[in-house]
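These are the residues of each chain, in order.
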Amino acid sequence: MKTNRRCRALLAVSLNLMALLFSTTAFITTHWCEGTQRVPKPSCGKEKKTNCLNYGGNETANETNQNVVHYSWETGDDRFLFRYFHTGIWYSCEENINAAGEKCRSFIDLAPASEKGVLWLSVVSEVLYIMLLVVGFSLMCLELFHSSSVIDGLKLNAFAAVFTVLSGLLGMVAHMMYTQVFQVTVSLGPEDWRPHSWDYGWSFCLAWGSFTCCMAASVTTLNSYTKTVIEFRHKRKIFEQGFREEQNFLDQEAIKYFRERAEEERAEAGDLRLQCLHSCSPN
């Protein structure tokens with residue numbers, strides 16, 4: 001029983017650690033959602049000669065360059081390019097079309113005013129989610145490595161399960177609130193930021209993977225607690241049943257012993273009376 005209980009505790013600690021690592025990584029990265037933005041091409045210049053618009057400049061010099069678009073009213077979608085962007089809880093980063101690298105903006109500033117409260121609730125819930133995961137992980141480690149008695153281990157197990165379940169519920173609410181805020185921002189956000197197409201990124205997958213590991217850890221911890229309690233009750237029942245049978249056996253032996261002693265005493269008393277009668281009778 002002790003080996004199985006230790007294996008279950010080790011599995012719960014591993015799942016909780018994975019949930020903690022996944023949630024922390026997702027919280028600090030900016031790949032919850034990613035896609036493309038449709039933006040106008042910049043004007044061609046000395047430093048910008050590709051993916052740009054030529055407003056009546058030196059057309060002969062640019063005839064061989066396929067990435068230069070000669071501006072006209074009929075140009076249509078050729079006046080636009082699609083830049084890559086990715087967004088997290090804190091920042092939204094997009095490809096810099098005028099230079100190398102990326103430029104980032106605060107996603108909290110991009111969110112509509114009506115959704116800022118929901119976004120801050122999502123941030124607070126994510127922080128509490130990580131903190132409760134840390135508490136649950138600490139309790140599981142104490143139960144695994146420093147629990148001296150089974151009763152203390154069961155108490156730690158129960159508290160760890162409660163904290164882990166609460167953290168999982170908070171994490172689920174936080175992820176759903178952030179998804180709602182992002183979808184509203186796509187529709188009502190700034191014109192220069194609104195995505196042309198988007199999808200969920202690997203940070204979003206890590207966040208929900210963390211939730212899955214968290215709930216699996218809580219289920220494993222509750223299962224370990226329940227199995228240990230059931231095993232103890234079963235052993236106690238067997239012990240009490242064996243004790244009652246032994247007590248009944250001892251009682252029967254005692255009754256038999258006292259009955260035999262009483263018969264022996266009655267027989268001795270009868271012998272004494274016969275001897276007395278013989279000694280007291282006249283010759």
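None of these values were measured; they are calculated from a predicted model.

A. Representation of the overall build of the protein within the structure. The helix and strand tally for the protein stands at five helices and seven strands. Reading the protein from its N end, one meets helices and strands in the order α-β-β-β-β-β-β-α-α-α-β-α. Within the span of the protein, comprising 283 residues, buried residues form 36% of the whole. Accessible surface, the protein: about 17500 Å² in total, of which carbon and sulfur atoms supply 61%.

B. Focus on the confidence of the model for the protein. Mean pLDDT for the protein: 78, with 64% of residues reaching 70 or above. Summarising per-element confidence for the protein, the mean pLDDT is lowest in strand β3 (residues 68-70) (45) and highest in strand β7 (residues 197-200) (92). This stretch, residues 57-75, has a pLDDT under 50; its non-local contacts, to residues over four places away or in other chains, come to 26 contacts.

C. Seen up close, the packing of aromatic side chains. Under the criterion given, the structure shown has 13 aromatic pairs. One aromatic cluster is present, built from ring pairs that chain together Trp32, Phe85, Phe107, Tyr178, Phe182, Trp193, Trp198, Tyr200, Phe204, Trp208 and Phe211.

D. Here's a closer look at the pairing of strand β5 (residues 91-95). Taken together, the three bridges between strand β4 (residues 80-87) and β5 define a ladder with antiparallel strand orientation. Paired with Phe85 across the bridge in β5 is Glu94. With antiparallel pairing between neighbouring strands as the criterion, β4 and β5 make up a hairpin whose turn holds three residues. In this structure, β5 lies alongside strand β6 (residues 102-106), joined through five bridges in antiparallel fashion. Bridging from a neighbouring strand, Glu95 pairs with Glu102 of β6. What sits between β5 and β6 in their antiparallel hairpin is a turn of six residues, with Gly101 showing a positive phi close to 95°.

E. Representation of the sheet that holds β5 within the structure. Sheet architecture is open: five strands sit in the order β6-β5-β4-β1-β7, paired in antiparallel fashion. Unpaired on one side and paired on the other, β6 and β7 mark the two borders of the sheet. Geometrically, the sheet is characterised by an average inter-axis angle of 25° between neighbouring strands, direction not taken into account.

F. Main features of the state of the cysteines. Under the defined criterion, the tally for this structure stands at one disulfide. In this model Cys93 forms its disulfide with Cys104; the gap between the sulfur atoms is 1.9 Å. Judged by the sign of its S-S torsion, about 105°, the cystine formed by Cys93 and Cys104 is right-handed. Placement of the pair is Cys93 in strand β5 and Cys104 in strand β6, with a sequence separation of eleven residues. By relative accessible area, Cys93 is classed as buried at 5%.

G. Broad picture of a nonpolar patch on the surface. A cluster of nonpolar side chains, Val124, Val127, Leu128 and Met131, forms an exposed patch at the surface whose accessible area comes to about 320 Å². Along the chain, Leu128 falls in helix α3 (residues 116-145). Among the residues examined, Leu128 registers a relative accessible area of 37% and is labelled partly exposed.

H. Examining the environment of Ser92 more closely. By the secondary structure assignment, Ser92 is in strand β5. Sequence separation between Ser92 and Leu110 is 18 residues; the distance between their C-alpha atoms is 8.6 Å. Polar contacts involving the side chain of Ser92 include one to the side chain of Trp193, which spans 2.8 Å.

What counts, and where the lines are drawn
Residues numbered from 1 in each chain as written. Predicted model: local features only at pLDDT ≥ 70, side-chain atom pairs only at ≥ 80, totals over all residues. Heavy atoms only, no water. Helix = DSSP H or I, 4+ residues; strand = E, 2+ residues; numbered from the N terminus. Buried < 20%, exposed > 50% of the residue type's maximum accessible area, 1.4 Å probe, protein only. Areas by Shrake-Rupley, 256 points an atom, 1.4 Å probe, with all protein chains shown as cover. pLDDT = per-residue confidence, 0-100. Contact = heavy atoms within 4.5 Å. Phe/Tyr/Trp six-rings, centres within 6.5 Å; stacked < 30°, edge-to-face > 60°. Pairing = 2+ DSSP bridges. Axes fitted to C-alpha atoms, helices over the stretch in contact; angles between N-to-C directions. Disulfide = S-S within 2.5 Å. Patch = residues over 30% accessible without salt bridge, like charges linked within 9 Å, V, L, I, M, F, W, Y side chains within 5 Å. Salt bridge = Lys/Arg side-chain N within 4 Å of Asp/Glu carboxyl O. Polar contact = N/O pair within 3.5 Å; in protein donor to acceptor, adjacent residues only side chain to side chain.

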